[in-house]
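Listed below, chain by chain, are the residues.
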Amino acid sequence: MVVVDRPDPMPLQAVLFDFNGTIIDDEAIHHQLIDELLISENLRPTGKSHRRLCLGKNDRTALLDIFREQDRSVDEKQMQKLLDRKSAAYQQRLGELAEIPIYADLVDFLDNLQFAGLQLGVVTGATRAGVELALTKTGLAQRFKAIVTAEDVTQGKPSPAGYLLAAEQLGVQPQNCLAIEDTFPGLLAAKAAGMPVIGIAHTYPFHMIQRRANWAVDCFADLEIQRIQETYPG
């Protein structure tokens, strides 16, 4: 009988974060801005449908789904104008805030990750201008060596394209990355990229996130670096 040694698990090398709802608590801002945009186009605000139509999606996909559901067509020129207006309004709103609403214990968690020698990245369906503005105002911009935004991929989440690009930018294999996500499309995207994913219950209840993630936590304070490294299945 020939015994074949199994290779040792590959170590964790990078942690990739979603942005909206994971790093920054800004969903209320996005909800308001999208509804204002819809009203200006004589469309119904999203109301209770907002989660289903918008969460975890980039603005283009969300707006297309909203237009489709309300039996309205939109051409590419009009869509781009809507996206530009939404992006400009979001940046203005962030600029008016005295303090960017990042989640509690995020900075301590980032400190621990960097102390452990792990690379950090952001993978989001948000626009680059808005992400960079928020990260700069919070002093977090230099923490992240890869930032993949809506402009960098042709397919948003749940496509794995953004996560695969971030791994490539960091020079690591997808299986050596860990993702942190708060929405169902994000969880699917990370898993499709071959990455274990932690679901953080910022947006959905813990039990709903737990069913779809490799691990689930209520907040960043629940994440222990040593335990993550010990159980990482890379």
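Residues numbered from 1 in each chain as written. Predicted model: local features only at pLDDT ≥ 70, side-chain atom pairs only at ≥ 80, totals over all residues. Heavy atoms only, no water.

### Focus on the pairing of strand β2 (residues 119-123)
Selection criterion: Relative accessibility thresholds used throughout: buried, under 20% of the residue-type maximum; exposed, over 50%; partly exposed, between the two (1.4 Å probe, protein chains only). For helices the rule is a DSSP run of H or I covering at least 4 residues; for strands it is a run of E covering at least 2, with both sets numbered from the N terminus onward. Two strands form a pair only when DSSP identifies at least two bridges running between them.
Most of β2 sits out of view: 4 of its 5 residues are buried. By the bridge criterion, 4 bridges tie strand β1 (residues 14-17) to β2 in an arrangement that is parallel. Residue pairing in the sheet places phenylalanine 17 in a bridge with valine 122 of β2. The pairing of β2 with strand β3 (residues 146-148) spans 3 bridges and is parallel.

### Let's talk about the packing of aromatic side chains
Operational definition: Centres within 6.5 Å make a pair out of two Phe, Tyr or Trp rings, where for Trp the six-membered ring is used; the pair is then stacked when the planes are under 30 degrees apart, edge-to-face when over 60, and tilted otherwise. Lysine NZ or arginine CZ positioned within 6 Å of the ring centre and within 35 degrees of the ring normal marks a charge as sitting over the ring.
Following the criterion strictly, the structure yields 5 aromatic pairs and no others. Their ring planes at 20 degrees and their centres at 4.1 Å tell us that phenylalanine 184 and tyrosine 204 sit as a pair that is stacked. Note that phenylalanine 184 is positioned in helix α8 (residues 184-192) and tyrosine 204 in the loop between β5 (197-200) and α9 (206-210), a separation of 20 residues in sequence. An aromatic cluster of three or more residues is present, and its members are Phe17, Phe109, Phe144 and Phe220. Above the ring of tyrosine 204, the side-chain terminus of arginine 51 is found at 5.1 Å from the ring centroid. Against the face of phenylalanine 184 rests arginine 212, its NZ or CZ located 3.9 Å from the ring centre.

### Things to note about the pairing of β1
In summary, the side chains of a regular strand alternate between the two faces of the sheet. Of the two faces of β1, both are covered, the one formed by Ala14 and Leu16 as well as the one formed by Val15 and Phe17. Sheet topology note: the β1/strand β4 (residues 177-181) ladder contains 4 bridges and is parallel. When the sheet's bridge partners are listed, leucine 16 is paired in β4 with alanine 179.

### Thoughts on the side chain of glutamate 181
Definition in use: Whenever two N or O atoms come within 3.5 Å, that pair is a polar contact, provided that in protein one can donate a hydrogen and the other can accept it, and provided that, for residues adjacent in sequence, both atoms are side-chain atoms. Contacts are assigned to residue pairs that have any heavy atoms within 4.5 Å of one another.
The topology assignment puts glutamate 181 in strand β4. The class for glutamate 181 is buried, based on a relative accessible area of 0%. Separated by 2.6 Å, the side chains of glutamate 181 and lysine 157 make a polar contact. Not counting residues up to four positions away in its chain, the partners in contact with glutamate 181 are Asp18, Thr22, Lys157, Tyr163, Gly186, Leu187, Val197, Ile198, Gly199 and Ile200.

### Section: the sheet that holds β5
Rules: To obtain an axis, a line is fitted to C-alpha atoms, over the contacting stretch when the element is a helix, and the angle between two such axes runs from 0 to 180 degrees between their N-to-C directions.
Ordered in space as β3-β2-β1-β4-β5-β6, the 6 strands form an open sheet in which the pairing is parallel. Sheet topology places β3 and β6 (215-217) at the edges, where each strand pairs with a single neighbour. For this sheet, the mean angle separating the axes of adjacent strands, direction not counted, is 20 degrees. Of the strand pairs in this sheet, β4 and β5 are connected by 3 bridges, and their pairing is parallel. Of the residues in β5, the one forming a bridge with glutamate 181 is glycine 199. Across the sheet, helix α5 (residues 106-115) touches β1, β2 and β4, and the angle it forms with β1 is around 155 degrees. Sheet contacts for α8: β4 and β5; angle to β5, the most-contacted strand, approximately 170 degrees.

The values reported here are purely geometric and, on their own, carry no functional implication.
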